[in-house]
Amino acid sequence: MSLLELKKTGIRFGGLRAVCDLDLALPQGALHGLIGPNGAGKTTVFNLITGIYAPTEGDILFQGTSIVGAGPTRIAAAGIGRTFQNIRLFAGLSVLDNVKVAFHRHLHATLFESVLRAPRYLQDEARADADARQLLDTFGLLPMAELGADSLPYGLRRRLEIARALATKPKLLLLDEPAAGMNPSEAEELMHLIRWVRETFGVTILLIEHHMAVVMGICERITVLDHGARIAEGTPAEIRKDPVVIEAYLGADVHQETA
Amino acid sequence: MAGPAAPAVRSPLLGYALFAAAIAVVWGIEAYAIPWTDPYFTGIVIRIGMSLLAVMGLALVLGFTGQFSLGHAGFMAVGAYGTAMVVIHTGIHPMVGVFLGGLAAAFAGLLVGLPTLRLTGDYLAVVTLGFNGIILVFIQNTPFLGGAAGLTGLPVVTNFGWTFTWVLLGALFIRNLLNSSHGRVFAAVRDNEIALRSLGVDTTRAKVIAFVVGAFWAGVAGGLLSLYRASIFPSQFQFERSIDILAMVVLGGTGSLSGPLIAAAALTALPELLRPIADYRMIIYSLLLIVTMIVRPQGLLGGKELIDLFRRRPAAPKASGGKAA
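Residues numbered from 1 in each chain as written. Chains lettered and ligands numbered in written order. Predicted model: local features only at pLDDT ≥ 70, side-chain atom pairs only at ≥ 80, totals over all residues.

Draft legend 1. Spatial organisation of the overall build of chain A. Tallying secondary structure elements over chain A gives 10 helices and 10 strands in all. For chain A, the C-alpha radius of gyration of 19 Å lies close to 18 Å, the compact-globule estimate for 259 residues. Each of the three principal axes of chain A carries a C-alpha extent, and together these read 65 × 40 × 35 Å. Within chain A, contacts between residues at least 6 apart in sequence are counted, and of these 66% link residues at least 24 apart. (Helix = DSSP H or I, 4+ residues; strand = E, 2+ residues; numbered from the N terminus. Rg over C-alpha atoms; globule rule 2.2 N^0.38 Å. Contact = placed C-beta atoms within 7 Å.)

Next up, the structure:
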């Protein structure tokens, strides 16, 4: 059974079909790439999966159950974590607290237990603190734990965002252009990080990326979107040779992309 | 909020002991110092206490959670009239009445907050502004609540001791709440709601919690006010009062609890201290607001607490080539 399955999924914004008739199936443990020219609808697919948008057509199944209409909070709680194209950290919180926030759902202390510093609150806090520090440590971020998240350099912010998403213990992790703005050596390091994350945390990963070296280097299968529709799917080797894909990226098409 | 390193979990016993000591000091002052103090001065201090209670609730809602509420005086009104009704019609202790008045305000906060806080943006400002107006019109047209003439003949119970007992309770409540997982979630709501939802946290619930807690403490402030001068009037809770409280939070600094409390004390005392030059009072008051906004737009202690000023800055980050694996 597929962990995630999109069936003829589509969404219209007024007259614009941002995504249409998209079929996508991710088996457990997959590392799948989603590529396409600017404005192809890649981030919209992420927003459909995570419930920020509700699809106007088709269905989205997670672990065999439809998640259409469940909303971002419940979908995240069901086990889908994500990062954002434009990094969305909690700028006013420390690096450590950015991760601790992700544990909130798993804490048991009530409001009054928190205010009264009851034993259950103390246990919750101790556990959240230990878990968050351990996670930061595995990501090499522990030395910056007490710093403001907005004081981290760009590459580490990306890393923290991935760590924070993993703190929710997702089964599926959606990474939206994690290599954006990175130089080749940083992108190389990110590739190792993504592979390592999949092995260590046992997550299935769906990756949007423009950095072809990254996508071709780590993804087992790739789906290519153009104008909201799937134009190809296959292994990196197949995609590289696909004339339709080459045309979408390089061809002198009359359609102008609007990002 | 990205403060220096503190132990993750401290035993609460020291805090409880300090709190008990602070309560004892408050009642010590009430018993031994207040009788010798000029009642005019005591009155100013008590009104500062009520401002502190109203402001700490809005500091939580606006300063920490980032929700723009313009009707805080409306919740004070609910607390004041709730307390008055309980005290007039039952025989229970007036301070229990203040607590119940606070609960009534919290319930009003729930009614206003539940439909509104599901939305992001300026809806809350508009709805709370409307709520403030509606509650006053309701009181003015309800003979049972005294109408526009107000309620008189209430017992005078609010003194220094009770006021500052409530202030200490409120400060402890809100400080502990902010230093808990809930507090982190409030700050995360302010910073990025979409990211917070992607972590499976119910942002509406978090906002409603902050809003209801804020309304409760505004209600307590109102309750104390109703038992202070034996009477209350709807005109004490007009929109201008909401703006006063808002100004205290903004001047004190968003993302700070001690900043707004200092601003509340200063802006409550200032008109009294300037009374000898009363003709120029409003000029000085306005200039203070303008200068603060120019010199420190983040407010007195934006994002900091008073105690942070006495702590050393955290050590500079060490460059780390820490590989993931």
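Draft legend 2. Just the overall build of chain B, in detail. The number of helices and strands found in chain B is 12 helices and two strands. Walking chain B from its N terminus toward its C terminus, one meets helices and strands in the order α-α-α-α-α-β-α-α-α-α-β-α-α-α. Rg of the C-alpha trace for chain B: 21 Å, near the compact-globule value of 20 Å for 325 residues, within the 12% margin. For chain B, the spread of C-alpha atoms along the principal axes amounts to about 75 × 45 × 45 Å. For chain B, with 325 residues in total, the buried portion stands at 46%. (Buried ≥ 20, exposed ≤ 12 C-beta atoms within 10 Å, placed from the backbone.)

Draft legend 3. Inspection of the interface of chain A and chain B at higher detail. Counting residues at the interface gives 43 residues for chain A, matched by 41 residues for chain B. Ranked by residue count, the leading element in the side of chain A that touches chain B is helix α5 (residues 119-138) of chain A, at eight residues. Of the residues assigned to the side of chain A that touches chain B, the class counts are 22 nonpolar, 11 polar and 10 charged. (Nonpolar A, V, L, I, M, F, W, Y, C, P; charged D, E, K, R; others polar.)

Draft legend 4. Seen up close, helix α9 (residues 203-226) of chain B. Look at α9 of chain B: 35 Å from first C-alpha to last across 24 residues, which is about the 34 Å you get at 1.5 Å a residue. Most of α9 of chain B sits inside the fold, with 22 of its 24 residues counted as buried. (Expected span 1.5 Å × (residues − 1).)

Draft legend 5. Layout of the sheet that holds strand β5 (residues 65-66) of chain A. All names here are of chain A. Here we have four strands laid out as an open sheet, ordered β2-β1-β4-β5, and antiparallel in their pairing. Here the strands that pair on one side only, and so sit at the sheet edges, are β2 (16-27) and β5. Bridging between strand β1 (residues 2-13) and β2 involves eight bridges; their strand directions are antiparallel. Residue E5 lies in a different strand from β2, and its bridge partner there is A25. Packed on one face of the sheet, helix α1 (residues 42-49) meets β1, β2 and β4 (57-62) and runs near 65° to β2. (Pairing = 2+ DSSP bridges. Axes fitted to C-alpha atoms, helices over the stretch in contact; angles between N-to-C directions.)

Draft legend 6. A look at the pairing of strand β9 (residues 221-226) of chain A. Residue and element names in this part refer to chain A. Most of β9 is tucked away, with five of its six residues classed as buried. Here four bridges tie strand β3 (residues 31-35) to β9, and the two strands are oriented parallel to one another. Note on β9: the bridge partner recorded for H32 is R221. Alignment of β9 against strand β10 (residues 229-234), held across five bridges, turns out to be antiparallel. Paired with D226 across the bridge in β10 is A229. Here β9 folds back onto β10 in antiparallel fashion, the turn holding two residues, of which H227 has a positive phi close to 50°.

Draft legend 7. Fine view of the packing of helix α4 (residues 94-116) of chain B against α9 of chain B. Residue and element names in this part refer to chain B. The contact between α4 and α9 brings their axes to 7 Å, and the two run at 145°. The interaxial crossing formed by α4 with α9 has right-handed handedness. Looking at the contact of α4 with α9 residue by residue, the class counts come to 16 nonpolar, nine polar and no charged. (Left-handed = near helix turned anticlockwise from the far one by under 90°.)

Draft legend 8. How the structure looks around helix α7 (residues 181-191) of chain B. The buried fraction of α7 of chain B is high, at 11 of 11 residues. Turning to α7 of chain B, its buried residues number three or more, namely S181, H182, G183, R184, V185, F186, A187, A188, V189, R190 and D191 of chain B.

Draft legend 9. Main features of the nonpolar core. Core analysis: the largest hydrophobic core is formed by 162 residues, its most contacted members being A163 of chain A together with L53, V55, M56, A77 and A221 of chain B. It is α9 of chain B that provides the largest number of residues to this core, a total of 15 residues. Excluding its chain neighbours within four sequence positions, the residues that come into contact with V55 of chain B are I245, M248, V249, P260, L261 and A264 of chain B. (Core = buried A, V, L, I, M, F, W, Y, C linked by C-beta atoms within 7 Å.)

Draft legend 10. Region of the structure containing the sheet that holds β10 of chain A. Residues and elements named next belong to chain A. The strand order β6-β7-β8-β3-β9-β10 describes an open sheet built from six strands, whose pairing is mixed. Because the sheet does not close on itself, it has two edges, and the strands there are β6 (80-82) and β10. Averaged over all adjacent pairs, the angle separating strand axes in this sheet is 20°, with direction ignored.

Draft legend 11. Expanded view of the packing of helix α3 (residues 72-89) of chain B against α9 of chain B. Residue and element names in this part refer to chain B. Direction vectors running N to C along α3 and α9 enclose 50°, while the axes themselves pass 6 Å from each other. Taken together, the axes of α3 and α9 are oblique relative to one another. In this structure, α3 meets α9 at a crossing whose hand is right-handed. Facing H72, F75, M76, A77, V78, G79, A80, G82, T83 and A84 of α3, the residues of α9 in contact are A215, A218, G219, V220, A221, G222, G223, L225 and S226. Here the contact of α3 with α9 is composed, by residue class, of 11 nonpolar, eight polar and no charged. (Parallel < 35°, antiparallel > 145°, perpendicular 65-115°, else oblique.)

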